[in-house]
Amino acid sequence: MTVLEDWVTAACAELGLDPAEVPVAVVLDLARDVAHQVLRPGAPVSAYLLGLAVGRGADPAVAADRLGALAGSWPVELGDRPPA
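Let us look at the structure shown here. Only a predicted model underlies this, so the values are computations on that prediction, with no experimental measurement involved.

Scoring rules and cut-offs
- Residues numbered from 1 in each chain as written.
- Predicted model: local features only at pLDDT ≥ 70, side-chain atom pairs only at ≥ 80, totals over all residues.
- Heavy atoms only, no water.
- Salt bridge = Lys/Arg side-chain N within 4 Å of Asp/Glu carboxyl O.
- Helix = DSSP H or I, 4+ residues; strand = E, 2+ residues; numbered from the N terminus.
- Buried < 20%, exposed > 50% of the residue type's maximum accessible area, 1.4 Å probe, protein only.
- Core = buried A, V, L, I, M, F, W, Y, C linked by side-chain atoms within 4.5 Å.
- Contact = heavy atoms within 4.5 Å.

## Observations concerning the pattern of salt bridges
Consideration 1: In total, this model carries two salt bridges according to the counting rule given.
Consideration 2: Across the pair Asp29 and Arg32 runs a salt bridge whose closest N-O atoms are separated by 3.2 Å. Taken together, the residues span about one helical turn, with Asp29 and Arg32 both in helix α2 (residues 24-37) at a distance of three residues.
Consideration 3: Residue class for Asp29 comes out partly exposed when judged on its relative accessible area of 37%.
Consideration 4: Because the salt bridges share partners, they merge into one network encompassing Asp29, Arg32 and Asp33.

This is the structure we're talking about:
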């Protein structure tokens, strides 16, 4: 096991979650895209938003794809301002 897998397993145990239901790669890919294409502090906030959406019934991959597409379309020159 990797340190990340150990952490996810321990965090899931703490929260009463099943580690098999955690799409680690999906969350990491989203965080990378937001951090590189929008701004770094947006990565953990986006991961939280993804978690909220999934908790309300969204498919994790679909929700992450939508947020990733939004990040990909984010104009670099706008920094932390929304696109028009």
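## Overview of the nonpolar core
Taken as a class, soluble globular proteins show a tendency for nonpolar side chains to be buried jointly.
Consideration 1: Counting residues in hydrophobic clusters, the biggest one holds six residues: Leu30, Val34, Leu50, Ala63, Ala64 and Ala71.
Consideration 2: For this core, the secondary-structure elements that each account for two or more residues are α2 and α4 (60-72).
Consideration 3: At three residues, α4 tops the list of elements feeding residues into this core.
Consideration 4: Discounting chain neighbours no more than four positions away, the residues touching Ala63 are Leu50, Ala53 and Ala58.

## Points about the environment of Leu70
Consideration 1: Mapping Leu70 onto the fold places it in helix α4.
Consideration 2: Taking the C-alpha atoms as reference points, Leu70 and Leu39, 31 residues apart in sequence, are found 13 Å from one another.

Purely spatial values, then, with no claim about function.
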